[in-house]
Amino acid sequence: MRILTGIQPSGKLHIGNYFGAIKPAVELQSQGDAYIFIANYHAMTTVQDGALLKGMTTDVALDYLACGIDPEKTALYRQSELPEVQELAWMLSTLCPMGLLERCHSYKDKMAKGFSPSHGLFAYPVLMAADILAVQGEVVPVGKDQKQHVEVTRDLATKFNNTYGEVFTIPEPSIRENVAVVPGIDGQKMSKSYDNTIEIFMEGKPLKKRVMKIVTDSKEMEDPKDPESDNVFALYKLLATEAEQADLAERYRAGGLGYGHAKTELLNKINEHFAPMREKRAELVNDMDYVEDVLKKGAVKASVLARETLQKARQAVGLE
Ligand code: ADP
Ligand code: TRP
């Protein structure tokens, strides 16, 4: 089974990204032939600073490798190393009704927020379809927000096959339904847009400051507390064993445990959980040749498939 997904470079990684996207990607590696690419063409719809885009792209590679993506199992590559994707995007765009793109939620949401859309933003789902179809991904793991884009991919692949003959495998989305929304330090969804994140590669004092800022109610130390309605506990749950969770919950309910103490326990858990990844990342930063090599090898592997697909598609449409 060929599993393929793309990730947009998205700035400093936080605990929400880790549990929502990275951990599932790491788990996926053992379930099939995995391809993960860094969607730097897509990122150009929002990042318009060359040095920044370049840095953000390698940062994603560093982050994912540090968090457990194994290049022996996963082909990790930059989207831009597969120029075939652009050619395929053109072919698909000639079959894509405007109305299909006008109905896409992510585009409509951005419009509603007052963005003046570029053609690139409008055509984003066509490029995404090309990413998937060029490598003939069979299963596409994505968050709920991307489901519609995979459906557009299926529509375009079917339309192409009906028009020109069977060229594309129709991909299936695999939606990460059971991933909980991780709360930020203010209790809303953790998101870099809300400045409420806890970054996983943050350490020492700045990290401690961040954890100590988590919003709680104003109960006194001796008061019994409800673990289920508390942000500190919600984060602790992600990182602790069942026995540790039960133990802390009991101390919440008994009273006598201050939120400061609970935060310190959470901080210890964060440090414990992410320490090996921080170490790995620090090693990788000192060995960027290795990281480049991983990305090149991933691109070579994906390119073989993309070239094969494009050959078939070019013949089918009459370019060859
Ligand atoms: P942000 O909201 O910080 O901008 P992104 O939208 O770039 O994050 O999300 C990147 C990935 O991380 C997506 O797959 C998304 O589903 C996941 N993710 C982001 N925030 C959370 C969260 N608070 N809880 C669970 N998953 C999250
Ligand atoms: N649009 C996806 C996101 O924002 C990233 C992406 C680009 C992608 N191309 C893809 C995901 C192809 C899956 C398959 O998260």
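Computed from a predicted structure; not experimentally measured.

Rules used throughout
- Residues numbered from 1 in each chain as written.
- Chains lettered and ligands numbered in written order.
- Predicted model: local features only at pLDDT ≥ 70, side-chain atom pairs only at ≥ 80, totals over all residues.
- Heavy atoms only, no water.
- 1 Å grid on protein atoms, 1.4 Å probe; cavity = no way out; pocket = protein on both sides within 12 Å on 5 of 7 lines; lining within 4 Å.
- Points joined across faces, edges and corners; volume = space filled by probe spheres on them.
- Helix = DSSP H or I, 4+ residues; strand = E, 2+ residues; numbered from the N terminus.
- Nonpolar A, V, L, I, M, F, W, Y, C, P; charged D, E, K, R; others polar.
- Near = heavy atom within 4 Å.
- Polar contact = N/O pair within 3.5 Å; in protein donor to acceptor, adjacent residues only side chain to side chain.
- Areas by Shrake-Rupley, 256 points an atom, 1.4 Å probe, with all protein chains shown as cover.
- Pairing = 2+ DSSP bridges.
- Right-handed = clockwise from strand over helix to strand, strands pointing away.
- Core = buried A, V, L, I, M, F, W, Y, C linked by side-chain atoms within 4.5 Å.
- Buried < 20%, exposed > 50% of the residue type's maximum accessible area, 1.4 Å probe, protein only.
- Domains from an automatic or database assignment.
- Contact = heavy atoms within 4.5 Å.

A. Looking closely at the layout of surface pockets. In this structure, the second largest pocket occupies an estimated 300 Å³ of space. Every element with two or more residues in the lining of the second largest pocket is listed here: α2 (40-43), α4 (84-93), α5 (98-102) and α7 (119-134). A per-element tally of the lining of the second largest pocket places α7 first, with seven residues. Looking at the lining of the second largest pocket residue by residue, the classes come out as 12 nonpolar, six polar and no charged.

B. Broad picture of the site of ligand 2. As a structural note, the neighbourhood of ligand 2 is formed by 13 residues, with Gly6, Phe37, Tyr124, Asp131 and Gln146 the closest of them. Separating a nitrogen atom of ligand 2 from a side-chain N or O atom of Asp131 is a distance of 2.8 Å. A distance of 2.9 Å separates a nitrogen atom of ligand 2 from a polar atom in the side chain of Gln146. Here ligand 2 loses 89% of its free accessible area of 370 Å² to cover by the protein chains. Examining the composition of the shell around ligand 2, we find that four residues originate from one element, α7, more than from any other. Along the lines of polarity and charge, the residues of the shell around ligand 2 split into seven nonpolar, five polar and one charged.

C. Seen up close, the pairing of strand β5 (residues 172-175). Pairing of strand β4 (residues 139-142) with β5 involves four bridges; the strand directions are parallel. Pairing of Pro141 across the sheet is with Ser174, part of β5. Assessed by its sense of winding, the connection that carries the chain from β4 through helix α8 (residues 147-164) to β5 is right-handed.

D. View of the nonpolar core. In terms of nonpolar packing, the biggest core is built from 49 residues, with Ile15, Ile198, Leu266 and Ile270 touching the most fellow members. Broken down by secondary-structure element, the contributors of at least two residues to this core are α1 (15-28), β2 (33-38), α3 (50-66), α9 (204-212), α10 (231-239), α11 (242-254), α12 (259-285) and α13 (288-317). In terms of residue count, α12 provides more of this core than any other element does, eight residues in total. Residues from two domains meet in this core; each of domain 1 (2-182 + 288-317) and domain 2 (201-281) gives at least three. Leave out the neighbours within four places in its chain, and Leu266 touches Val211, Ile214, Val232, Leu235, Tyr236 and Leu239.

E. Summary view of the site of ligand 1. Residues in close proximity to ligand 1 total 14 residues, the closest being His14, Val182, Met190, Ser191 and Lys192. Within the side chain of His14, a nitrogen or oxygen atom sits 2.7 Å from an oxygen atom of ligand 1. Considering ligand 1 on its own, with 540 Å² of exposed area, one finds that the protein chains cover 75% of that surface.

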